[in-house]
Amino acid sequence: MTYTYKTFGTCAQQIEIEIDEDETIKNVKFLGGCNGNLQGISKLVEGQKIDDVIDRLKGIKCGFKSTSCPDQLALALKEVKENF
C-alpha cells in the first residue's frame, strides 16, 4: 500500500510512504526539505515496523517550530495505521 501525506509546518511539503501487509515500512520519499537528511531518515526507517518508528520520531521539533520532518513522518504513519 502506498500512502501520500501532506505535511504542515516543515520545509518538506509531502511524504510518500510504501507499507508492506505486515506493517513494515518499505519505502519513504520526502518532497522538498533538506535532501541529505531526509534521505538518511528514509533509509533508517525502511524495514522498520510502523509502531517502532512512530515511538522514536513523534514529538521531535526543528528549532523553534512545533514540528519537524521526522515528527511529520510519525504523524503520517499514525494515519496509515488508523487506515490500514
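Quick caveat, the model's predicted, so the values are computed rather than measured.

**Student:** How should I be thinking about the sheet that holds strand E1 (residues 2-6) in this particular structure?
**Tutor:** Within a sheet, adjacent strands bond to each other through the backbone by hydrogen bonds, running parallel or antiparallel. Strand order across the open sheet formed by three strands is E1-E2-E3, with antiparallel pairing between neighbours. Bordering the open sheet on either side are E1 and strand E3 (25-32), each of which pairs with just one other strand. Each strand axis lies, on average, 15 degrees off the axis of its neighbour in the sheet, ignoring direction. With seven bridges connecting them, strand E2 (residues 12-19) and E3 associate as antiparallel partners. Bridge pairing in E3 links glutamine 14 to leucine 31.

**Student:** Sorry if this is basic, but what is going on with unusual backbone geometry here?
**Tutor:** It is generally the case that most residues other than glycine have a negative phi and that most peptide bonds are trans. The phi dihedral of glutamate 23 falls on the positive side, at around 65 degrees, and the residue is not glycine. For glutamate 23, the position within the fold is in the loop between E2 and E3.

**Student:** What should I look at first to understand the state of the cysteines in this one?
**Tutor:** Disulfide: a covalent bond connecting the sulfur atoms of a pair of cysteines. In this structure the tally under the stated criterion is zero disulfides. Looking at the unpaired cysteine 11, the closest cysteine sulfur is the one in cysteine 34, lying at 5.6 Å. Lacking any disulfide linkage, cysteine 69 is separated from the closest cysteine sulfur, that of cysteine 11, by 6.4 Å. Its relative accessible area of 13% is what places cysteine 69 among the buried residues.

Calculation notes
- Residues numbered from 1 in each chain as written.
- Predicted model: local features only at pLDDT ≥ 70, side-chain atom pairs only at ≥ 80, totals over all residues.
- Heavy atoms only, no water.
- Pairing = 2+ DSSP bridges.
- Helix = DSSP H or I, 4+ residues; strand = E, 2+ residues; numbered from the N terminus.
- Axes fitted to C-alpha atoms, helices over the stretch in contact; angles between N-to-C directions.
- Disulfide = S-S within 2.5 Å.
- Buried < 20%, exposed > 50% of the residue type's maximum accessible area, 1.4 Å probe, protein only.

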